Amino acid sequence: MNEKNTKRQQVQHLFWRAGFGASPQQVQEALRRPLRRLVRDLFDDSRTFTPLTPVTSPGEPARKELKEAFRNGQLDRDKLKERLRMNRESIRDLNLNWADRMASGKGALREKLALFWHGHFACRVQNARAMEQYAGVIREKALAPFGELLTAVSKSPAMLQFLNNQQNRKNAPNENFAREVMELFTLGRGNYTEKDIKEAARAFTGWGYNLEGDFVFRRAVHDEGEKTVLGQTGRFEGEDILKILLEKEATATFIVRKLYRYFVNEEADESLVRELATRYFRTGYDTAALLETIFTSDWFYEPRNIGCRIKSPVELMAGMQHSLAMSVEPRQPVLFVQKTLGQVLFYPPNVAGWPGGRTWIDSSSLLFRMKLPDYLLRSAEVNIRPKDDGDAATENLFKRKNRLFETTIDWAGFERAFAEVKDTDLPDELAAYLLQQPLGAKQRELVLKQVKKEGSRPEKIQSLTAAIMALPEYQLC
């Protein structure tokens, strides 16, 4: 492999791991800059937080309030159904607004990290206002020190509702919230006892939210007694427990290992994880500094870490849209893709989030992934139905009116990047921008079968692009 290809591969690796890929023109411009400068540019581009387009209005009642209004006779059944439908559609719109932002390429690092935190702090409630607020927290605080993010998410009404802490009272403690904070958000299994959970749950009594969607500490239902958690004793409240958890290096190791598996390689290098975790702990859980260390390390660009991750469904779709400057209108197909491939934003399967890795692929999802370029680039008829995953909440998110995806692609802009490339070199040159490994002989033969010899150059480029994106290798980044 020559030096130019090596640099291009590194640049694309960075864009895919720290964002959702890049267009060929972006890669060509990036090749003129040192990698360290590109990393700094990615951070600069994500420095400012821009909220998503609002999907709810202040004062809009939540699902629970609507049902209370129905029980009190303030709403009849038809109006209740209508308002619940509107609530569901607001969550759908929130999903699409975030998916659009990811595909835009703006603030890519912030959005990529927020997607990671969405899986880490997995949360789903049928309350559009609460989910909108939750999305704002994980996006705004994505690059903030972990303790700041942990506290903000823990106090968000969506998480408090999802983990039942609204019902956690001194005379009837509910351990769900404390258990997940320790097991999934900070320490990980094996680093605490059942007694620690019970005691921590007492400290979180009184944490809840009001009808306005604000966090409230209800002291009247808080257990003021002494608690012992992870060897420390005191009259702890919720914030004290989070502080104790952050004082444990096990928390840094747990978070760093997950970040490593997400941004670097599913197979964690434990010696690197320990080294990074020590630094993460000493810097006060500075997530931005940790990621900059990763992206500027030589080992990040080693061949073993390139092209080894399976793109999640959201990454796959956002990446295709961004690479081709593709818009999907109406936007329902974006939800169809998420549902069919098993990653619907704001609807994680459970509190543990999406398992990721190899679980993204099975025989039916791989078939759909390989047909997806046909649906999006060639307007082929969609003849696949999402498999029944038993999640009734996501069944009603989309209603496809026809079997075609309507997309608009900036082919002229895409083709400009290959203006100087000979026709005979197009397959390998396009593959160099779309895949993380060079085309093999069998792949080239397969791809060339999709191209009509008598076709125009734009037709050849479009056919080759669709064929390369349909290769199993395109599923990797």
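Before going into details, it helps to say that this report is about the structure given with it. Predicted model, so just to flag it, every value in this text is computed and none were measured. (Residues numbered from 1 in each chain as written. Predicted model: local features only at pLDDT ≥ 70, side-chain atom pairs only at ≥ 80, totals over all residues. Heavy atoms only, no water.)

Regarding helix H13 (residues 249-263)
Along its 15 residues, H13 runs 21 Å from first to last C-alpha, staying within 8% of the 21 Å computed at 1.5 Å per residue. For H13, every residue scored as buried is listed here: Thr251, Ala252, Phe254, Ile255, Val256, Leu259, Tyr260, Tyr262 and Phe263. (Helix = DSSP H or I, 4+ residues; strand = E, 2+ residues; numbered from the N terminus. Expected span 1.5 Å × (residues − 1). Buried < 20%, exposed > 50% of the residue type's maximum accessible area, 1.4 Å probe, protein only.)

Some words on the pattern of salt bridges
In a structure, side chains of opposite charge can pair up when their charged atoms sit close to one another. Evaluated as defined, the whole model comprises 35 salt bridges. A salt bridge links Arg202 to Glu199; the shortest N-O distance between them is 3.1 Å. One end of the pair is Arg202 and the other is Glu199, both in helix H11 (residues 194-203) and three residues apart, which spans about a single turn. Of the two residues, Arg202 and Glu199, neither departs from the other in class, the shared state being buried. One network of salt bridges, with partners in common, ties together Arg33, Arg37, Arg40, Asp41, Asp44, Arg47 and Glu292. (Salt bridge = Lys/Arg side-chain N within 4 Å of Asp/Glu carboxyl O.)

Description of the nonpolar core
By size, the foremost hydrophobic cluster in this structure holds 147 residues, and its most contacted members are Leu14, Trp117, Phe121, Phe295, Phe346, Leu372 and Leu377. In this structure, Trp117 is in contact with Ala122, Tyr134, Ile138, Ala142, Phe146, Leu149, Ile255 and Thr287, ignoring residues within four places of it in sequence. (Core = buried A, V, L, I, M, F, W, Y, C linked by side-chain atoms within 4.5 Å. Contact = heavy atoms within 4.5 Å.)

Focus: the packing of aromatic side chains
Evaluated as defined, the whole model comprises 27 aromatic pairs. When the ring of Phe281 is compared with that of Tyr285, the centres are 6.1 Å apart and the planes differ by 75°; the resulting orientation is edge-to-face. Relative accessible area serves as the criterion here: at 4%, Tyr285 is assigned to the buried category. Sitting over the ring of Phe20, Lys112 keeps its end group 5.4 Å from the ring centre. (Phe/Tyr/Trp six-rings, centres within 6.5 Å; stacked < 30°, edge-to-face > 60°. Lys NZ or Arg CZ within 6 Å of the ring centre and 35° of its normal.)

Points about the packing of helix H3 (residues 35-45) against helix H15 (residues 287-295)
Between H3 and H15, whose axes approach to 10 Å, the crossing angle comes to 150°. In terms of orientation, H3 and H15 fall into the roughly antiparallel class. As for how H3 packs across H15, the hand of that crossing is right-handed. Contacts from Val39, Arg40 and Phe43 in H3 reach Ala288, Leu291, Glu292 and Phe295 in H15. Along the lines of polarity and charge, the residues of the contact of H3 with H15 split into five nonpolar, no polar and two charged. (Axes fitted to C-alpha atoms, helices over the stretch in contact; angles between N-to-C directions. Parallel < 35°, antiparallel > 145°, perpendicular 65-115°, else oblique. Left-handed = near helix turned anticlockwise from the far one by under 90°. Nonpolar A, V, L, I, M, F, W, Y, C, P; charged D, E, K, R; others polar.)

What to know about unusual backbone geometry
Residue Pro330 is bonded to the preceding Glu329 through a cis peptide linkage, with omega at 0°. Locating Pro330 in the fold gives a position in the loop between strand S5 (326-328) and helix H17 (332-341). We note that Leu230 has phi near 50°; this positive angle belongs to a residue other than glycine. Positionally, Leu230 belongs in the loop between strand S3 (227-229) and strand S4 (232-234).

Observations regarding the side chain of Gln343
You can see Gln343 is positioned in the loop between H17 and helix H18 (363-377). From its side chain, Gln343 meets the backbone nitrogen of Val314 in a polar contact 2.9 Å long. Residue contacts for Gln343: discarding those within four places in its chain leaves Leu115, Ser312, Pro313, Val314, Gln338, Trp354 and Trp360. (Polar contact = N/O pair within 3.5 Å; in protein donor to acceptor, adjacent residues only side chain to side chain.)

Thoughts on the state of the cysteines
Throughout the structure, instances matching the rule amount to zero disulfides. Cysteine Cys477 remains unbridged, with the sulfur of Cys308 as its closest cysteine sulfur at 7.9 Å. (Disulfide = S-S within 2.5 Å.)

Bear in mind that shape data such as this cannot, by itself, settle questions of function.
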